[in-house]
Amino acid sequence: MLVLVAPGQGSQTPGFLTEWLELPGAADRVAAWSDAIGLDLAHYGTKADADEIRDTAVAQPLLVAAGLLSASALGDIAPGAVAGHSVGEITAAALSGVLDDAAALSLVRKRGLAMADAAAITETGMAALLGGDPEVTVPHLEKLGLTPANINGGGQIVAAGTMEQIAALEADKPEGVRRVVPLKVAGAFHTHHMGPAVETLAEAAKALAPADPKVAYVSNKDGRAVASGAEVLERLVGQVANPVRWDLCMETFKDLGVTALLELCPGGTLTGLAKRALPGVTTLALKTPADLDAARELVAEHAA
């Protein structure tokens, strides 16, 4: 059984879309998406520097576009389940049939702008903690006023809060944590700081008509497989200000009997977590078109 997963913000790198746009029809497709949402995705995916694509309003639609483009390059496949990390959940919603591509990109454009506006209110950020025991780490974060915004499993928790709180964490690591790594994101996502963005997204969601997912859609909220399109959309809205429980998503992958995990472009982060948390599961990160042949072989062996 194959699970198709989409990475979240911070996985983008300068020029990562360049080779994908060389595939037949890809440039035209991305140009149409760009016109629809008022953002030059091709420019940001090929020519922009790291600071430009760090902008939340740019990074989020760029990542969803990359995920959809790389998935379409695989052809018509039948995963047993789909999931996405943070903004990758919107990619997963499109892959499962809950939203069409146009609706997904429209929603993520509004999400990125709303979260950028919310992040501008207070200077905030996020940092990954490598190693440690969650039962020790989480209370320590809460003592410093930080939120465990991503509980990723595989020995990784991401903390979020004000820059002063992040600095205090770097000076006072929880017992057992090896490193504190600041992330290339522009705000404390999945915390109460994103409250204003939830209101904006809730309004935007009213214009959408979600369908029920055609394959198991595994939600970041609690790792549960959600069967209702309306509930998927409701969770996409609320998740902006709630922690990502990727650890629980991976537990659900186990329960579903997943044998392979394929991470869409720009892959790497989620396959790394899976290698530590899902022993015996074959993993592959779809980073460039050069990975497509290996990905198709994986799909042929593990997809329904």
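Data block above holds the structure.
Bear in mind that the values here come from a model prediction, so they are computed numbers and not experimental data.

Would you mind going over the sheet that holds strand β2 (residues 81-84) in detail, with residue names and values included?
What the six strands build is an open sheet, ordered β8-β7-β2-β1-β9-β10; its pairing is mixed. What marks the edges here is a single partner per strand, and that holds for β8 (225-226) and β10 (282-285). Summarising the sheet, strand β1 (residues 2-6) and strand β9 (residues 260-263) pair through four bridges and their orientation is parallel. Residue pairing in the sheet places L4 in a bridge with L262 of β9.

Summarise the sheet that holds strand β5 (residues 156-162); cite the residues concerned and give the values.
The four strands lie next to each other as β4-β5-β3-β6, forming an open sheet whose pairing is antiparallel. Since the sheet does not close on itself, it has two edges, and those belong to β4 (147-153) and β6 (177-182), each with one partner. Within this sheet the neighbouring strands show an average axis-to-axis angle of 25°, counted without direction. Pairing of β4 with β5, which is carried by five bridges, proceeds in the antiparallel orientation. Paired with N150 across the two strands is V158, which belongs to β5.

Give a description of the nonpolar core that names residues and reports values.
L74 and L262 are the most contacted members of the largest nonpolar core, which has 73 residues in total. In terms of residues, this core owes the most to one element, helix α4 (residues 56-73), which gives 10 residues. Not counting residues up to four positions away in its chain, the partners in contact with L262 are L2, V3, L4, V5, L74, L284, L286, A295, L298 and V299. By size, the runner-up hydrophobic cluster in this structure holds 18 residues, among which are C249, F253, L270 and A277.

Describe helix α1 (residues 26-37), with residues and values.
With 12 residues, α1 should reach 16 Å at 1.5 Å per residue; the first-to-last C-alpha distance of 17 Å fits that figure. Listed in full, the buried residues belonging to α1 are A26, V30, W33, S34 and I37. Angular distribution of buried residues about the axis of α1 spans 100°; they occupy a single face of the element. Of the residues in α1, the exposed ones pointing more than 90 degrees away from the buried face are D28, D35 and A36. Residues of α1 that are buried sit in contact with α2 (41-46), α4 and α6 (101-119). Directly beyond the C-terminal end of α1, a positive phi value near 70° is found at G38.

Describe the pattern of salt bridges, and please don't skip the residues or the numbers.
Side-chain pairs of opposite charge can arise whenever the charged atoms involved come near each other. In the structure shown here, the tally under the stated rule is eight salt bridges. For the salt bridge of R235 with E231, the shortest nitrogen-to-oxygen distance reads 3.0 Å. Taken as a pair, R235 and E231 lie in helix α10 (residues 229-238) at a separation of four residues, close to a single helical turn. Assessed through its relative accessible area of 25%, E231 is described here as partly exposed.

Tell me about the packing of aromatic side chains, residues and numbers included.
A complete count under the given rule lists one aromatic pair for this structure. Judged by centre distance (5.8 Å) and plane angle (80°), the ring pair of W246 and F253 falls under edge-to-face.

Please provide a residue-by-residue account of the environment of L69, values included.
Position of L69 relative to the elements: it lies in helix α4. Sequence-wise, L69 and E199 are 130 residues apart; in three dimensions their C-alpha atoms are separated by 29 Å. In contact with L69, other than residues within four places in its own chain, are L17, W20, L21, A26, R29, V30 and W33.

Describe in detail the environment of V258, supporting the description with residues and values.
Here V258 shows up in the loop between α11 (246-256) and β9. Since its relative accessible area comes to 9%, V258 is described here as buried. Taking the C-alpha atoms as reference points, V258 and G223, 35 residues apart in sequence, are found 14 Å from one another. Beyond its immediate chain neighbours, meaning those up to four positions away, V258 contacts M1, V3, F253 and V281.

Before we move on, can you summarise the packing of α6 against helix α9 (residues 195-205) with the specific residues and values?
Between α6 and α9, whose axes approach to 8 Å, the crossing angle comes to 155°. Accordingly, the angle class assigned to the pair α6 and α9 is roughly antiparallel. Every pair of crossing elements has a handedness; the one defined by α6 and α9 is right-handed. Between α6, through L107, K110, R111, A114, M115 and A118, and α9, the contact on the second element is made entirely by P196, A197, T200, L201 and A204.

Would you mind going over the side chain of D247 in detail, with residue names and values included?
Positionally, D247 belongs in helix α11. The class of D247 is buried, set by a relative accessible area of 17%. Here D247 is in contact with I151, N152 and G153, once residues within four sequence places are set aside.

Parameters and conventions
Residues numbered from 1 in each chain as written. Predicted model: local features only at pLDDT ≥ 70, side-chain atom pairs only at ≥ 80, totals over all residues. Heavy atoms only, no water. Pairing = 2+ DSSP bridges. Helix = DSSP H or I, 4+ residues; strand = E, 2+ residues; numbered from the N terminus. Axes fitted to C-alpha atoms, helices over the stretch in contact; angles between N-to-C directions. Core = buried A, V, L, I, M, F, W, Y, C linked by side-chain atoms within 4.5 Å. Buried < 20%, exposed > 50% of the residue type's maximum accessible area, 1.4 Å probe, protein only. Contact = heavy atoms within 4.5 Å. Expected span 1.5 Å × (residues − 1). Arc of directions from axis to C-beta. Salt bridge = Lys/Arg side-chain N within 4 Å of Asp/Glu carboxyl O. Phe/Tyr/Trp six-rings, centres within 6.5 Å; stacked < 30°, edge-to-face > 60°. Parallel < 35°, antiparallel > 145°, perpendicular 65-115°, else oblique. Left-handed = near helix turned anticlockwise from the far one by under 90°.

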